[in-house]
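Analysis of the macromolecular model
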Amino acid sequence: MFIAILQFRLMIDGAMGLKDKRRVVKSIKDKLHREHMVSVAEIDSLDTWNLATMGLVACNRDPAYLRQTMDAIIKKLQSLPDARLSDHSLEIVGSEAVTGDPVDDNGNPLWTEAEKRQD
């Protein structure tokens, strides 16, 4: 499994306040999720009305597919009518880069040693 992590900043020049910014951010998040089945969140600059710092992730078994999808998303971000892409960074990592066993919110393993051996 491979995971694509795209972080990007959008300048929202037409925003006159946080309400305008939130409308633009929500529209972009919904469109990217609907068209590419990715997860998108605003991750920083929450109180800055003309700047949105966002994170996007997707996973797939094929890194070439992820690269193609991320390239398409970056192109869309570069041509947004309500915002301007100011910068971005993309990283595609393999599951071997993720260390340790997954745990729940309390730090308990999600599955037992016996459940892991069933594969």
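Going by the structure above, here's the rest.
Everything in this summary refers to the structure shown in the same document.

Reading the values: the criteria
- Every chain begins its residue count from 1, and numbering advances along the sequence as written.
- Given that the model is predicted, a residue must reach a pLDDT of at least 70 before its local features are reported, and side-chain atom pairs must reach 80 or more before they are shown or counted; all residues, however, enter totals for whole chains, interfaces and linings.
- The side-chain values count all of the structure's non-hydrogen atoms but skip hydrogen atoms and water molecules.
- By definition, a salt bridge exists where a carboxyl oxygen of Asp or Glu is found within 4 Å of a side-chain nitrogen of Lys or Arg.
- Secondary structure elements follow DSSP: runs of H or I of four or more residues count as helices, runs of E of two or more count as strands, with numbering from the N terminus.
- Relative accessibility thresholds used throughout: buried, under 20% of the residue-type maximum; exposed, over 50%; partly exposed, between the two (1.4 Å probe, protein chains only).
- The pairing criterion is simple: DSSP has to find at least two bridges between the two strands.
- Expected span of a helix, by definition, is 1.5 Å for each gap between consecutive residues, and there is one gap fewer than residues.
- The arc in question is the one spanned by the directions pointing from the helix axis to the C-beta atoms.

Details of the pattern of salt bridges
Enumeration according to the criterion identifies six salt bridges in this entry. A salt bridge links Asp82 to Arg23; its shortest N-O distance comes to 4.0 Å. In this pair, Asp82 sits in the loop between α2 (63-78) and β4 (84-94) while Arg23 sits in helix α1 (residues 18-36), placing the two residues 59 residues apart along the sequence. Among the residues examined, Asp82 registers a relative accessible area of 42% and is labelled partly exposed. The closest approach of N and O atoms between Asp30 and Lys26, which form a salt bridge, is 2.8 Å.

Details of the pairing of strand β2 (residues 39-44)
Where β2 and strand β3 (residues 51-60) come together, five bridges link them in antiparallel fashion. When the sheet's bridge partners are listed, Val40 is paired in β3 with Leu56. Hairpin connection from β2 to β3: six residues lie between these consecutive antiparallel strands, with Ser45 at a positive phi of about 60 degrees.

Comments concerning α1
The periodicity of an α-helix, 3.6 residues per turn, causes residues three or four places apart in sequence to face the same way. Look at α1: 26 Å from first C-alpha to last across 19 residues, which is about the 27 Å you get at 1.5 Å a residue. Within α1, burial applies to Lys21, Val24, Val25, Ile28, Leu32 and His36. Down the axis, α1 shows its buried residues gathered within 95 degrees of arc, on one side only. Of the residues in α1, the exposed ones pointing more than 90 degrees away from the buried face are Lys19, Arg23 and Arg34. Where α1 ends, the next residue or the one after it, Met37, has phi of about 50 degrees, a positive value.

Any link to function would need more than the numbers given here.
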